[in-house]
Amino acid sequence: MAAYLQWRRFVFFDREVVKEPPGPEGSAGKPFALPPGVTVCDSGRGSLVFGDIRGEIWFLPRSLQLTSFQAYKLRVTHLYQLKQHSILVSVGEDEEGINPLVKVWNLEKRDGGNPLCTRIFPAIPGNKPTVVSCLTVHENLNFMAIGFADGSVVLTKGDITRDRHSKTQILHEGSYPVTGLAFRQSGKTTHLFVVTTENIQSYLLSVKDYPHLELDTHGCGLRCSSLSDPSQDLQFIVAGNECVYLYQPDERGPCFAFEGQKLIVHWYRGYLIIVSKDRKTSPKSEFAGNEAQNSDKQVLNIYDLCNKFIAYSSIFDDIVDVLAEWGSLYVLTRDGKIHVLQEKDTQTKLEARKPVLLLMLFRKNLFEMAINLAKSHHLDSDGLSEIFRQYGDHLYNKGNHDGAIQQYIRTIGKLEPSYVIRKFLDAQRIHNLTAYLQTLHLQSLANADHTTLLLNCYTKLKDSSKLEEFIKTSESEVRFDVETAIKVLRQAGYYSHAVYLAEKHAHHEWYLKIQLEDIKNYQEALHYIGKLPFDQAESNMKRYGKILMHHVPNETTELLKILCTDYQPSGDNEGLGLLEGKKANSEEFIPIFANNSRELKAFLEHMTEVQSDSPQGVYDTLLELRLQNWAHEQDKQIKEKLHNEALTLLKSGRFKTVFDKALVLCQMHNFKDGVLYLYEQGKLFQQIMHYHMQNEQYKKVIEVCELYGDQEACLWEQALGYFARKEEDCKEYIAAVLKHIENKNLMPPLLVVQTLAHNSTATLSVIKDYLVNKLQKQSCQIEQDEQRILKYREETTRIRQEIEELKASPKIFQKTKCSICTSALELPSVHFLCGHSFHQHCFESYSDSDSECPTCMPENRKVMDMIRAQEQKRDLHDQFQHQLKCSNDGFSVVADYFGRGVFNKLTLITDLPPGKPPASLEAGLHRELLLHGRRGT
């Protein structure tokens, strides 16, 4: 039981008298007057509804324009306006005596300008008439209950607006007048509360036979009961003279000690409204018990049962009823006036009570009351946060830091965190700050600075359990900046926690940095890289490869081999095959082996074995490495092996595009066989010979000339010059060179003599045989040329004679056979000056030209082609120079061009013989020989 005397009083409602609306003449300001004789009233559907002693029902809308219609002939005793339907139920009398009638009105339909009455039936329990004491209707229009003064309750089930679809029966009978009725709907369950002057009962209407339960053995007067809203769990409120009781359908709930005789009870928006007598005596009233009543003054109190304070209290003169409509309370008094109580909005209430409530309640530790008030009136989160802040400030100033931090936690999301953090930065209050920061992270409102501060708090408190709980949350529950947390843990020396966090949230760089720089666990770091996806494994090996190679060279080399061939993350069985073909560029990892030549050699050799298409840099580095090892090796057997390996690598054909680089490497390390091999591959035969000349390897010089002299003839000339400059006895080598020069006719004899003239040791005997053989060959060549000249002269003379005979003497054709078919020659026939004869039909069938002998034509065309070619090439001086330079026998080239007439003097012919084409005389001679006529016999 709660005593209301301890409850605080506030003024959360503004009281005004309803004034009449302005008239046509602008008159306003007079209090609005109710119709006289009002006996009953209700509200809903946008109107206040009144019934009077004359049988009229009045409607007062918000515009204050009263309307009425005649509902009964005598009087209206009860009204019930449904809140969700435009249905009004009334009880009244049409004639004298006890004969109450129930009428159901449809306010949306009209009958002659008045609301349509859809149903009329007498309100009589059984056969004996009695006075109706109370009335209630269910909002679903399926139940209506009427209470009587004789203790009876009549229940109408079905459609209450129609006679045919409803059924009426007596639900309750008793000895005490029924003073209150109320329906309670919870889900599909419907209860009816029945209260009399002496007891309270609950009926279950959702079950057949309507079982009931007596809740209490005391009751209340008329209009002293009501049903609360869901904020109070739809409890039935019964106001006795000593206490106010709340009931559930199956039990009694809490009670409140509100003293005084209760006249009217209503529930409005979470408030309990009670009109009670002032403490003055007056005559007794019907159903009210033995307590005295006050005819002068009545007190209206508005209670907040949740927060236990009085929201409003005021004295009125003889209240008729209190109605709720348009968001306000309307108090009707006997003098015909209407007083409106307008509730202040929550923010205004808080502002209004600051000087009274906040200052007073905060000083007296009544903050919870202010918080409950704000919550019950649905104050916005900003307003609540301000109350929590002031409550926290109050507790902080009193030294109650634990309580203060709890209030500050409730402001998270509204109050700037720095406001709270600054108050608790003292080392003695670090546990309070930790609690605040934890909640800040749980609500995902922390930034990187808050994470840093929280982790520092954990480390200062050395609270490892809390620290582990904070960082070992699931992936979906992470409410902090992971990278910031890793930095703080690393700085504080919590390496294992930092590593766990980095591994869990895939911060690979931080994980490796801590493992390598702080923990020095190189093996674990290398194993971790082996589990990463290809791109991340590659980048991290490039970043940390040198450190790992220095401490764990073998394992690092093995991982690099895998990374550059066919990498698969270790432990990733599900993804096997998905990354096939992913391989790193092995050349990019060579700098990692800066101080590990042994591992570098193993890595490079592995790459060349498994990947023939490895980058060129791999082969270049491997060659350099093998040459270095060969150059520094002292053991002959090992040196020979290294020599063979380097030479084999050179011969692999991988250095064609980097010939110069490979050559420089071999020269730097004085790798003779490699240098000579590369000279040979590059066709640098002169360099090969010069190399042997520098080393005075005479036999090698001769061998080079023999091997490559056919490809580059000047080698023999250079060899001869080399031996000619030597002061030693080189007769043997000179003789060998001269022999080859003689056989190939590479140098003129005069040039050979001039070359050997520089050698003081070379005597005439050295070149005696060469000169004798050369002179003999030239003598033979001269004899052959003279014979050929004589032959050509004789042939030319003969041809000229034939030409003259053809010009001067007749030609007798004595052929007896055709030159084509070899048959006997018959007329008509064709004869040519060359001596061939043909049948005319054979000639026409086989000849391509009418003027040429078919038999001689192929040979004639060859001669003509030669003549045309000579004429075309007469002016090709560049070609002559080139052939002369490249030919082994320059004299023959000059003779050939002499024969073509290149060196003849230019002869201008101004008058040509008749019928002769313009051509050279020599060409004309040949043409004349070939010209032939055609004659028939």
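Reading the values: rules and limits
Once a new chain begins, its residue numbering starts again from 1 and follows that chain's sequence as written. Reporting in this predicted model follows two pLDDT cut-offs: at least 70 for local features of residues, and 80 or more for side-chain atom pairs to be given and counted; totals over whole chains, interfaces and linings ignore these cut-offs and use all residues. Side-chain measures here rest on the full set of heavy atoms in the structure, leaving out hydrogens and waters. In what follows, salt bridge is the name for a side-chain nitrogen of Lys or Arg lying within 4 Å of a carboxyl oxygen of Asp or Glu. Secondary structure elements follow DSSP: runs of H or I of four or more residues count as helices, runs of E of two or more count as strands, with numbering from the N terminus. Only protein chains enter the accessibility calculation, which uses a 1.4 Å probe; a residue is then buried when its area is under 20% of its type maximum, exposed when over 50%, and partly exposed in between. In the analysis that follows, any N or O atom pair within 3.5 Å is treated as a polar contact, provided that within protein one partner can donate a hydrogen and the other can accept it, and provided that, for residues neighboring in sequence, both atoms belong to side chains. Contacts are assigned to residue pairs with any non-hydrogen atoms lying within 4.5 Å of each other. Between 30 and 60 degrees the pair is tilted, below 30 it is stacked and above 60 it is edge-to-face, where a pair is any two Phe, Tyr or Trp rings, Trp via its six-membered ring, whose centres lie within 6.5 Å. We call a charge positioned over a ring when the NZ of a Lys or the CZ of an Arg lies within 6 Å of the ring centre and within 35 degrees of the ring normal. A pair of strands is labelled paired if DSSP reports no fewer than 2 bridges between them. For helices, the fitted line uses only the C-alpha atoms of the stretch in contact; every axis is such a line through C-alpha atoms, and the angle between N-to-C directions lies from 0 to 180 degrees. Any helix carries an expected span of 1.5 Å times its number of residues minus one. Each nonpolar core is a collection of buried residues, namely Ala, Val, Leu, Ile, Met, Phe, Trp, Tyr and Cys, held together in the definition by side-chain atoms within 4.5 Å. Geometric relationships in this document are graded by angle, where less than 35 degrees denotes roughly parallel, more than 145 denotes roughly antiparallel, 65 to 115 denotes roughly perpendicular, and other angles denote oblique. Should the near helix be turned anticlockwise from the far one by less than a right angle, the crossing is left-handed, and should it be turned clockwise, the crossing is right-handed. Each residue is assigned to one class: nonpolar for Ala, Val, Leu, Ile, Met, Phe, Trp, Tyr, Cys and Pro, charged for Asp, Glu, Lys and Arg, and polar for all the others, Gly among them.

Trainee: Describe the pattern of salt bridges, with residues and values.
Mentor: This structure, assessed with the given rule, holds 25 salt bridges. The closest approach of N and O atoms between Arg-334 and Asp-318, which form a salt bridge, is 3.9 Å. One end of the pair, Arg-334, is in the loop between strand 29 (328-333) and strand 30 (338-343); the other, Asp-318, is in the loop between strand 27 (309-316) and strand 28 (319-325), with 16 residues separating them in the sequence. Residue Arg-334 is classed as exposed on the basis of its relative accessible area, which comes to 52%. According to the relative accessible area criterion, Asp-318 is partly exposed, its value standing at 30%. Through salt bridges with shared partners, one network takes in Lys-601, Glu-605, Arg-626 and Glu-645.

Trainee: Give a detailed account of the side chain of Ser-614, specifying residues and quantitative values.
Mentor: Looking at where Ser-614 falls in the secondary structure, it is placed in the loop between helix 16 (597-610) and helix 17 (616-632). A residue is classified by how much of its surface remains accessible, and Ser-614, at 2% relative accessible area, is buried. Here Met-607 takes part through its backbone oxygen, which lies 3.1 Å from a polar atom of the side chain of Ser-614. Separated by 2.7 Å, the side chain of Ser-614 and the backbone oxygen of Gln-611 make a polar contact. Those residues within four positions of Ser-614 in sequence are excluded, and the remaining contacts are Met-607, Thr-608, Tyr-619 and Arg-654.

Trainee: Could you give an account of the environment of His-394, with specific residues and numbers?
Mentor: Locating His-394 in the fold gives a position in helix 4 (residues 381-397). His-394 sits in the buried class, given a relative accessible area of 18%. For His-394 and Ala-404, which are 10 residues apart along the polypeptide, the C-alpha to C-alpha distance reads 7.7 Å.

Trainee: Before we move on, could you go through the packing of aromatic side chains and cite the residues and values that matter?
Mentor: Any pair of aromatic rings gets described here by the distance separating the centres and the angle formed by the planes. Taken as a whole, this structure holds 23 aromatic pairs when the rule is applied. Ring geometry for Tyr-245 against Tyr-247: centres 6.4 Å apart, planes inclined by 35 degrees, an arrangement best described as tilted. Among the residues examined, Tyr-245 registers a relative accessible area of 14% and is labelled buried. Judged by its relative accessible area of 0%, Tyr-247 falls in the buried class. Each ring, one from Phe-258 and one from Tyr-303, has its centre 4.0 Å from the other, and the planes form 10 degrees; the classification is stacked. In this pair, Phe-258 is assigned in the loop between strand 23 (251-257) and strand 24 (262-268) and Tyr-303 in strand 26 (residues 298-304), connecting sequence segments 45 residues apart. Cluster of aromatic residues (ring-pair linked, three or more members): Tyr-396, Tyr-408, Tyr-419 and Phe-424. Across from the ring centre of Tyr-72, 4.4 Å away, lies the NZ or CZ of Lys-103, which sits over that ring. It is Lys-639 that lies over the ring of Trp-630; its NZ or CZ is 4.5 Å from the centre.

Trainee: Explain the sheet that holds strand 11 (residues 114-122) residue by residue, including any values.
Mentor: Spatial ordering of the open sheet is given by 8-9-10-11, a layout of four strands whose pairing is antiparallel. Each edge of the open sheet is held by one strand with a lone partner, namely strand 8 (75-81) and strand 11. Here the average twist between neighbouring strands, direction ignored, is 30 degrees. In this structure, strand 9 (residues 87-93) lies alongside strand 10 (residues 101-111), joined through six bridges in antiparallel fashion. Note on strand 10: the bridge partner recorded for Val-91 is Val-102.

Trainee: Quick rundown of helix 7 (residues 430-442)? Include the residues and the values.
Mentor: Given a rise of 1.5 Å per residue, 13 residues ought to cover 18 Å, and the 18 Å separating the end C-alpha atoms of helix 7 matches this to within 8%. Among the residues making up helix 7, those that are buried are Ile-430, Asn-432, Leu-433, Thr-434, Tyr-436, Leu-437, Thr-439, Leu-440 and His-441. On the buried face of helix 7, the contacting elements are helix 5 (401-409), helix 6 (417-423), helix 8 (448-461) and helix 9 (464-471). Positive backbone phi, approximately 55 degrees, marks Ser-444, located one or two places after helix 7.

Trainee: Can you explain the nonpolar core? Please cite residues and give values.
Mentor: Tyr-408, Tyr-436, Met-541, Leu-548 and Leu-650 are the most contacted members of the largest nonpolar core, which has 113 residues in total. Residues contacting Tyr-436, with those up to four places away along its chain left out, are Ile-405, Tyr-408, Ile-409, Ile-412, Leu-415, Pro-417, Val-420 and Ile-421. Trp-7, Cys-243, Tyr-245 and Cys-255 belong to the second-largest nonpolar core, a separate cluster that totals 28 residues.

Trainee: How would you sum up the pairing of strand 25 (residues 271-277)? Please name residues and give values.
Mentor: Among the seven residues of strand 25, seven are classified as buried, and the element is accordingly described as predominantly covered. Pairing between strand 24 and strand 25: six bridges, direction antiparallel. Directly across from Ile-264, in strand 25, lies its bridge partner Val-275. From the end of strand 24 to the start of strand 25, which pair antiparallel, there are two residues, and Arg-269 there has a positive phi angle of about 50 degrees. Here strand 25 runs beside strand 26; their pairing, made up of seven bridges, is antiparallel. Bridge pairing in strand 26 links Lys-277 to Gln-298.

Trainee: Any details on the sheet that holds strand 14 (residues 153-158)? Residues and values, ideally.
Mentor: Read from one edge to the other, the open sheet built from four strands follows the order 12-13-14-15, with strand pairing classed as antiparallel. Each edge of the open sheet is held by one strand with a lone partner, namely strand 12 (132-137) and strand 15 (166-172). The average undirected angle you get between the axes of adjacent strands in this sheet is 20 degrees. One ladder, built from five bridges, connects strand 12 with strand 13 (residues 143-148); its direction is antiparallel. For Val-132, the partnering residue across the bridge sits in strand 13 and is Phe-148.

Trainee: For the packing of helix 10 (residues 482-492) against helix 11 (residues 495-504), give the residues involved together with the corresponding values.
Mentor: When two helices pack together, their arrangement is given by the angle between the helix axes and by the axis-to-axis distance. Remark: helix 10 packs on helix 11, axes separated minimally by 8 Å, with the N-to-C direction vectors making an angle of 160 degrees. The angle between the axes of helix 10 and helix 11 places the two elements in the roughly antiparallel class. In this structure, the crossing between helix 10 and helix 11 has a hand that is left-handed. Taking contact as the criterion, the partners of Val-482, Ala-485, Ile-486, Leu-489 and Arg-490 in helix 10 are, on helix 11, Tyr-495, His-497, Ala-498, Leu-501 and Ala-502. Looking at the contact of helix 10 with helix 11 residue by residue, the classes come out as eight nonpolar, one polar and one charged.

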